[in-house]
Amino acid sequence: VGKLLHNYDAVAVEAEFEYERGTNKRSADWIVCERMPKRSVILVQAKLKRLGPELFFGKSSAAFEGEAKTALGRAVAQSIKFLVGLESARARGRLQPGREELSARILDARELFLLGVVWSMPPILSGNPFRTVLWNEAVAMLSDAEREWLSRNDGRIAGWHILDCDELAFVSAGAGRISLW
């Protein structure tokens, strides 16, 4: 995370768009592109579902596992599904007119960071056991073809994280240049 976000210099923030002509297939909720020559992209998926109160009070690890199978896991998995679909649409010549340049910028990015945003979240994703559970649930939501794409592109995935709205506001306050470390 630090490698990607250290002095991140955003050049464009794009909202969700329909990426494949003649379908309703949608991109990530927001796409943040960095200035050249670094060519990194952050894909943001927002999930407005409130997480259960038991997750905030440490009642049991089952509470986290349940959330990892729903909103939290989908926040990561949907970005991967979007990348696979976008690559397929480009290969078949089906990109939405007017979105070819943005699509190329995303698909040709050297680094991709998958960012989920939820309403509120306890600070539990700094611990590896929780991150492992969430990542495994996200990968379980992928098809075989999507898991193959992930394996082929593993070196391009700079990382992933889930933020809550307060953390997102803090990071966004950097307005262009973000330096967290």
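1. Examining the environment of Leu-48
Then, in step 1: Structurally, Leu-48 can be placed in the loop between strand S3 (40-47) and helix H2 (53-56).
Then, in step 2: It is 8.1 Å that separates the C-alpha atoms of Leu-48 and Val-117, two residues lying 69 residues apart in sequence.

2. Quick notes on the pattern of salt bridges
Then, in step 1: Under the counting rule described, the total for this entry stands at 10 salt bridges.
Then, in step 2: With its nearest N and O atoms 3.4 Å apart, the salt bridge here joins Glu-14 to Arg-99. On the criterion of sequence distance, the pair formed by Glu-14 in strand S1 (residues 8-15) and Arg-99 in the loop between helix H4 (71-91) and helix H5 (100-107) is long-range, its members being 85 residues apart.
Then, in step 3: Given a relative accessible area of 27%, Glu-14 falls into the partly exposed group.
Then, in step 4: You can call Arg-99 partly exposed: its relative accessible area is 25%.

3. Overview of the nonpolar core
Then, in step 1: With 34 residues, the main nonpolar core has Ile-31 and Ile-106 as its most contacted residues.
Then, in step 2: Elements with a contribution of two residues or more to this core: strand S2 (30-34), S3, H4, H5, strand S4 (111-118), helix H6 (128-140), helix H7 (144-152) and strand S5 (157-164).
Then, in step 3: The biggest single contributor to this core is H4, with 10 residues.
Then, in step 4: Filtering out sequence-adjacent residues up to four positions away, Ile-31 remains in contact with Ala-12, Val-13, Glu-14, Ala-15, Phe-17, Val-41, Ile-42, Leu-43, Leu-102 and Ile-106.
Then, in step 5: Within the second largest apolar cluster, seven residues are counted, among which are Val-44, Leu-115, Val-117 and Leu-163.

4. A word on the pairing of S4
Then, in step 1: Across the eight residues that make up S4, a large majority, eight, are buried.
Then, in step 2: Along S4, one buried face is formed by Glu-111, Phe-113, Leu-115 and Val-117 and the opposite face, lined by Leu-112, Leu-114, Gly-116 and Val-118, is buried too.
Then, in step 3: Where S4 lies against S5, seven bridges are found, and the strand directions are parallel. Within the sheet, the bridge partner assigned to Leu-114 lies in S5 and is Trp-160.

Basis of the calculations
- Residues numbered from 1 in each chain as written.
- Predicted model: local features only at pLDDT ≥ 70, side-chain atom pairs only at ≥ 80, totals over all residues.
- Heavy atoms only, no water.
- Helix = DSSP H or I, 4+ residues; strand = E, 2+ residues; numbered from the N terminus.
- Salt bridge = Lys/Arg side-chain N within 4 Å of Asp/Glu carboxyl O.
- Buried < 20%, exposed > 50% of the residue type's maximum accessible area, 1.4 Å probe, protein only.
- Core = buried A, V, L, I, M, F, W, Y, C linked by side-chain atoms within 4.5 Å.
- Contact = heavy atoms within 4.5 Å.
- Pairing = 2+ DSSP bridges.

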